[in-house]
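Listed below, chain by chain, are the residues.
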Amino acid sequence: GLCGLIHPYLLADIAFGSGRFNLLMGLSASCFGLGATLSNYLGQMIVENMGHVASLTGSLFISFIPVILFGGLMPETMGLRGQLAPNTHHDDEASAKKDENHDEPYIQMT
């Protein structure tokens, strides 16, 4: 649905300027598959041992993890979007002219 549509745009924003967009797409698709598999398995184990309410409550709390991570660590929410990285100065005139028509890189989130 909507998350599947937003997913490539979010990763393009995260990987901007790094050349690692395809790597991130593959890793995140693998994580989606692993999460779907483990979710069903662990959810069924919890339902069998503790009941439906415990399983749904656990899912509720686990769903807050990405909200907190993205809300606190994305460049847009930290106020860093568009700022230049500290090591983007040009040491010589030749490199400055070479990069004259290119946008400066954003801060890389490591």
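Residues numbered from 1 in each chain as written. Predicted model: local features only at pLDDT ≥ 70, side-chain atom pairs only at ≥ 80, totals over all residues. Heavy atoms only, no water.

## Some details on the overall build of the protein
Scanning the protein for helices and strands turns up five helices and zero strands. Evaluated residue by residue, the protein yields a buried proportion of 10% over its 110 residues. Surface summary for the protein: the accessible area is close to 8900 Å², and the carbon and sulfur share equals 65%. (Helix = DSSP H or I, 4+ residues; strand = E, 2+ residues; numbered from the N terminus. Buried < 20%, exposed > 50% of the residue type's maximum accessible area, 1.4 Å probe, protein only. Areas by Shrake-Rupley, 256 points an atom, 1.4 Å probe, with all protein chains shown as cover.)

## Some words on a nonpolar patch on the surface
A cluster of nonpolar side chains, contributed by Leu34, Leu38, Tyr41, Leu42 and Met45, occupies part of the molecular surface with about 480 Å² of accessible area. In this structure, leucine 34 sits in helix H2 (residues 21–50). (Patch = residues over 30% accessible without salt bridge, like charges linked within 9 Å, V, L, I, M, F, W, Y side chains within 5 Å. Salt bridge = Lys/Arg side-chain N within 4 Å of Asp/Glu carboxyl O.)

## Thoughts on H2
Compared with the 44 Å implied by 1.5 Å per residue over 30 residues, the 41 Å span of H2 between its first and last C-alpha is a close match. Of the residues flanking the end of H2, it is glycine 51, one or two places downstream, whose phi is positive at about 105 degrees. (Expected span 1.5 Å × (residues − 1).)

## Here we look at the packing of H2 against helix H3 (residues 52–73)
When two helices pack together, their arrangement is given by the angle between the helix axes and the distance between those axes. In contact at an axis separation of 7 Å, H2 and H3 are set at 140 degrees when each is read in the N-to-C sense. Viewed along their axes, H2 and H3 adopt a mutual orientation that is oblique. Contacts between H2 and H3 pair Gly43, Ile46, Val47 and Met50 from the former with His52, Ala54 and Ser55 from the latter. Taken together, the residues that form the contact of H2 with H3 break down as four nonpolar, three polar and no charged. (Axes fitted to C-alpha atoms, helices over the stretch in contact; angles between N-to-C directions. Parallel < 35°, antiparallel > 145°, perpendicular 65-115°, else oblique. Contact = heavy atoms within 4.5 Å. Nonpolar A, V, L, I, M, F, W, Y, C, P; charged D, E, K, R; others polar.)

## Re the side chain of histidine 7
Structurally, histidine 7 can be placed in helix H1 (residues 2–14). On the basis of relative accessibility, which here comes to 15%, the residue histidine 7 falls in the buried class. Contact partners of histidine 7, with chain neighbours within four places excluded, come to Met25, Ser28 and Phe32.

## Here we look at the confidence of the model for the protein
Model confidence for the protein is summarised by a mean pLDDT of 77, while 67% of its residues fall at 70 or above. Taken element by element, the predicted model of the protein shows its lowest mean pLDDT in helix H5 (residues 93–98) (52) and its highest in H2 (92). (pLDDT = per-residue confidence, 0-100.)

## Description of the packing of H1 against H2
Following both chains from N to C, one finds H1 and H2 inclined at 130 degrees, their axes separated by 10 Å at the closest point. In this view, H1 runs oblique relative to H2, as classed from their interaxial angle. As H1 runs across H2, the sense of the crossing is right-handed. Across the interface between the two elements, His7, Pro8, Leu11, Ala12 and Ile14 from H1 touch Phe21, Leu24, Met25, Ser28 and Phe32 from H2. The class makeup of the residues in the contact of H1 with H2 is eight nonpolar, two polar and no charged. (Left-handed = near helix turned anticlockwise from the far one by under 90°.)

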